[in-house]
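# Breakdown of the fold
One-letter residues, chain by chain:
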Amino acid sequence: MKNRFLFILIVIFCCSAKSYSQSVSLNYTDQLLNEILLDLNQRYKVQISINASLSNSCPVTIQQRFSSMELALEELAARCDLDFKKIGDIYVFRAKEAPDQVVEEEPKKPKASPVFLYQGIVLEESSLDPLPFSSLKLASRGIIADENGRFSFKSTLRQEQGIFQSLGYEPKDTLLNHSNSIRIVLNPRMMELATVEIIANGGTVPLTNVGEKAGHIRFNDISSNLIPGLSDNLIFNNLRLYPGVMAAGESIADFVIWGSYAGQTHVVYDGISLFNSWGINDDMGRVNPYMIKNVEVYKGGYNVPYGDRVGGVVLMEGTSGDKNKAGARLSFTNQLANAHINVPLSANVTLQVAGRKTLFEAFDLSAGFGEDEDVIVPQYNYSDLNLKLSASLSEDDQLEISSIYSEDEYSGDLQLRFRGTAVQDIMLNSVQIGNSVRYAHNWNRGGISKLTLSQSEYEPEFTSNYFVMEGQRPNGDTLRQYNWKNTIEEFKAQLTHTFAATKKHQFQLSGAFISNRASLVSNTDRIVLENTRATANRVAVYAHDDIQWTPEFSMQLGLKGDLFYGGTRSFLQPRINARYDLTRGWNLHAGWGLYNQFVSKNTVADELGNQSDVWQLADNVTNDVLTANHTVFGTSFRHNQLELGLEAFYKEVEGLGRFFVNRNGDTRFAEGESRTKGLEVFAKQRVKGHDFWLSYTLSEVEERFGDRGRASLFQQAPQSQRHELKTVAILNFNKLQFSFTNVYGSGFPNNTYRPEEQEITPYWRTDLAFQYQMKLGATDVETGVSVLNLFDRRNVRLNQSLSVPGGSRINTVGIPFTPTLYVNFGF
């Protein structure tokens, strides 16, 4: 009998008839089908019938696990283009039947393997709250879920082995069957109560995510530690302890990330641009900490899906609420009252309401600095309201509506006499309003589309008065007054589609219409800037591809373009990121890109160096469009309880604007540029549930300004600080927790005029926090004390100093010795 008609009948009978429902692992590289079937016969005692010529002519490479033998053999048959069926207890492979009539046989093209869709959502176990930016690790690539916890990918395998992870949750290793409605539920690694989280028995889940990619930090509410001052300003009090985020200066204007200027960091909450991320009144974050689920920080070198500025990006995702039960949380301190209510309106709809209000100053235990003549001690008042409606319209549709409103007042009074000079009062107040509607849809054929409509308005008002006594002349007071109201607005409509990921690629396309409006109204006897109202409309599009070249090496390529309505010039911004995993826990990463910004916060400086900032459009009409390039290289290592990171960065920004006002009130505009370079180190160790970490940043920020076509020499920027060292210890003893933080900064010039001649004061602040957890009936209770500036160090706020005639300089002080007593209730 000819060989091509010989059949190999592999028959080995088991002692008893049973189904092969056990897990079957296929791990073969370029092996003939015949050898694979023989191996399966030996391992699982399976009966197979196949023609020898067929089994010896098909090499197979596969690494996969299946829930049954039938699924495994069906996949092998599909890869070798064979028919497959089970007859009794025997699995039979045979060649596919040829057509009845074949006139001329043409070379056969390899048949494409079938493609299967895996699509779903990652949820928290108890509340069914989506887990934003969860990661999925497959055999061939990694995938990141979106801000709604949704993922979509395609595979030629009927089943995929995947590991799902989210910061602060137990990882889940599971075998996935292809479906477009997969639900993955993760269990929290830590127990949460109110705004402070308690670590449960240590464990291996990392509490932070630093260095996974260029310039990146990630944390969320459930993995935040007990940090002093947490209930007031969740984001800044955490971020200030990490490298690259300036803690010295306690800026009330903006995050200073890698030497960025005011207005250059893009802060986004649920799709709403926040033009001022915390209140101007001391240490109050604009977003209620009860509403925050996840935070992503990109310091620089990031790709096109993130941000719309030339500096860093802070992305805050709000919680979707608990769909299973109603709840309330209350927090009281000697400075602030905070409340949060969660109400499930139906099985798939939740409503959250949260609000805060500062208390009477009689309850404020801050030390202050008495009647010092060279400092301004500020007073403040703050209130806010956050609303959010979350609805799962179906398995494929998610709707979220968010609103935020906050208002505050800030004032500082001072009486100073120097050679007949008296100086008095600075007052600021502001309102931040924002709304967003976000809709996400999973398509049956794969991919996720998201529509975002957002509106934001920020309106600060600034008043500064000081009097100069001229000699001994009676009634010789000269009043100088600055007063203006500066409104900045944004409306944005954006449609983004993320294609289902494949083995090598994950594409994303986005288009947006963005409208910005800025106005400046001055009510003063001395006009510094003309009253203006301007609007700029533009279209922004981007394309992004996440490429997995090998399991160890990945790249992200992006191209963003902006075009003003009616304009002819487009602003193209190419960007690239790369990562290479040297070992399982050790990676190298890099990022480079061009960045543009179309609203800017320009500085107004008088003849003494006093400065204020005003929002204006950067549309190449009112002011130049800001342009920057970022370059980042770094490495990070994580093993068990140890995290290490090292990163170098270089950044150049062009298009800065500064208005100089002379003693006669004449205003001159100067163009400027800056360059920033630095190196940062991060080390963190967990020991038996206790956390210790160290952050260090070495950096320099230089700037130069000049008339058009004429540039001066580079000099130190006001925010330039050479060294900043931060140490943190967080101790967890079951119901009792203790934290200690210390920040040292070498100081900054804090002046736009002759910074090399300024006396630089080092920054130093030590904070403590204690907390005790207990249960009163069905109510969870936490009580404790947070102490800011333990040693009452008189630190200086960045960009909040006042120069006066005679050469004296008056500084606005940072946070004084401030003990805060608090109690949190969870119902």
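Residues numbered from 1 in each chain as written. Predicted model: local features only at pLDDT ≥ 70, side-chain atom pairs only at ≥ 80, totals over all residues. Heavy atoms only, no water.

Across its full length, the protein carries 4 helices and 49 strands. Of the contacts formed within the protein by residues at least 6 apart in sequence, a portion of 65% connects residues at least 24 apart. Summed over its atoms, the accessible surface of the protein is roughly 35300 Å², and 56% of this surface lies on carbon and sulfur atoms. (Helix = DSSP H or I, 4+ residues; strand = E, 2+ residues; numbered from the N terminus. Contact = heavy atoms within 4.5 Å. Areas by Shrake-Rupley, 256 points an atom, 1.4 Å probe, with all protein chains shown as cover.)

With that settled, the discussion passes to the state of the cysteines. This model, assessed by the stated rule, comprises 1 disulfide. Paired through a disulfide, Cys58 and Cys80 show a sulfur-sulfur distance of 2.0 Å. Every disulfide takes its handedness from the sign of the S-S torsion; for Cys58 and Cys80 that torsion is -90°, giving left-handed. With Cys58 in the loop between α2 (52–55) and β4 (59–66) and Cys80 in the loop between α3 (69–79) and β5 (82–87), this pair connects stretches of sequence that are 22 residues apart. For the residue pair Cys58 and Cys80, the accessibility class agrees, reading buried in each case. (Disulfide = S-S within 2.5 Å. Buried < 20%, exposed > 50% of the residue type's maximum accessible area, 1.4 Å probe, protein only.)

Next up on the list: helix α1 (residues 33–44). Over its 12 residues, α1 extends 16 Å from the first C-alpha to the last, a length consistent with the 16 Å expected when each residue adds 1.5 Å. Residues Leu33, Asn34, Ile36, Leu37, Leu40, Asn41 and Tyr44 constitute the buried set of α1. End-on, the buried residues of α1 take up no more than an arc of 160°, which puts them together on one face. Looking one or two places after α1, you find Lys45, whose phi comes out positive at around 60°. (Expected span 1.5 Å × (residues − 1). Arc of directions from axis to C-beta.)

So, about the pattern of salt bridges. Summed over the entire model, instances satisfying the criterion amount to 32 salt bridges. Residues Lys677 and Glu700 are paired through a salt bridge, measuring 3.8 Å at the closest nitrogen-oxygen approach. Highlighted residues: Lys677 in strand β40 (residues 667–687) and Glu700 in strand β41 (residues 690–706), separated in sequence by 23 residues. In this structure Glu700 comes out as buried when scored by relative accessible area, which is 15%. As a salt-bridge pair, Asp691 and Arg686 come within 3.0 Å of each other at their nearest N and O atoms. Taken together, the salt bridges that share partners define one network made up of Asp270, Glu317, Lys388, Glu400 and Arg438. (Salt bridge = Lys/Arg side-chain N within 4 Å of Asp/Glu carboxyl O.)

Phi is positive for Leu128, which is not a glycine, with a value near 60°. For Leu128, the position within the fold is in the loop between β7 (116–124) and β8 (135–137). Its identity as a non-glycine residue notwithstanding, Asn640 has a phi of 50°, on the positive side. Locating Asn640 in the fold gives a position in the loop between β38 (626–639) and β39 (642–661).

The next subject is a nonpolar patch on the surface. A contiguous nonpolar patch, built from Leu393, Ile401, Val437, Tyr439, Leu451, Leu453, Phe491, Leu495, Phe513, Val539 and Val541 and spanning about 880 Å² of accessible area, is present on the exposed surface. The set of elements that each furnish at least two residues to the nonpolar patch consists of β28 (421–442), β29 (448–469), β30 (477–498) and β32 (532–548). For Phe513, the position within the fold is in strand β31 (residues 505–522). (Patch = residues over 30% accessible without salt bridge, like charges linked within 9 Å, V, L, I, M, F, W, Y side chains within 5 Å.)

A separate point is α3. Listed as buried for α3 are Met69, Ala72, Leu73, Glu75, Leu76 and Ala77. Buried positions along α3 lie against β2 (24–32), α1, β3 (47–51), β4, β5 and β6 (90–95). Of the residues trailing α3, Asp81 is marked for its positive phi of about 55°.

Let us now look at the pairing of β3. Within β3, 5 of the 5 residues are buried, which leaves the element mostly enclosed by the surrounding structure. Side-chain alternation along β3 places Gln47, Ser49 and Asn51 on one buried face and Ile48 and Ile50 on a second face that is also buried. With 3 bridges connecting them, β3 and β6 associate as parallel partners. Among the inter-strand pairings, Gln47 is bridged to a residue of β6, identified as Ile90. (Pairing = 2+ DSSP bridges.)

On to the environment of Ser55. Among the structural elements, Ser55 can be located in helix α2. Between the C-alpha atoms of Ser55 and Cys80, which are 25 residues apart in sequence, the distance is 8.8 Å.

Now for the side chain of Gln556. Turning to its location among the elements, Gln556 is positioned in strand β33 (residues 553–564). A polar contact of 3.2 Å, which involves the side chain of Gln556, links it to the side chain of Asp546. When residues no more than four places from it in sequence are discounted, the contact partners of Gln556 are Asn303, His544, Asp545, Asp546, Arg575, Ile576, Asn577 and Ala578. (Polar contact = N/O pair within 3.5 Å; in protein donor to acceptor, adjacent residues only side chain to side chain.)

To continue, consider the confidence of the model for the protein. The predicted model of the protein averages 81 in pLDDT, with 80% of residues at 70 or higher. Ranking the helices and strands of the protein by mean pLDDT puts strand β35 (residues 586–597) first, with 96, and strand β15 (residues 196–198) last, with 31. Segment residues 1–21 is flagged for pLDDT under 50; beyond a separation of four residues in sequence, or across chains, it makes 34 contacts in the model. Note on residues 804–808: pLDDT is under 50 here. Beyond four places in sequence and across chains, it has 10 contacts. (pLDDT = per-residue confidence, 0-100.)

With that settled, the discussion passes to the sheet that holds β7. The sheet built from 3 strands is open, its strands ordered β10-β7-β13 with mixed pairing. Each edge of the open sheet carries a strand with a single partner, namely β10 (150–155) and β13 (179–186). With strand direction ignored, the average angle separating the axes of adjacent strands in the sheet is 25°. Sheet topology note: the β7/β13 ladder contains 6 bridges and is parallel. By the bridge assignment, Ile121 is partnered in β13 with Arg183. (Axes fitted to C-alpha atoms, helices over the stretch in contact; angles between N-to-C directions.)

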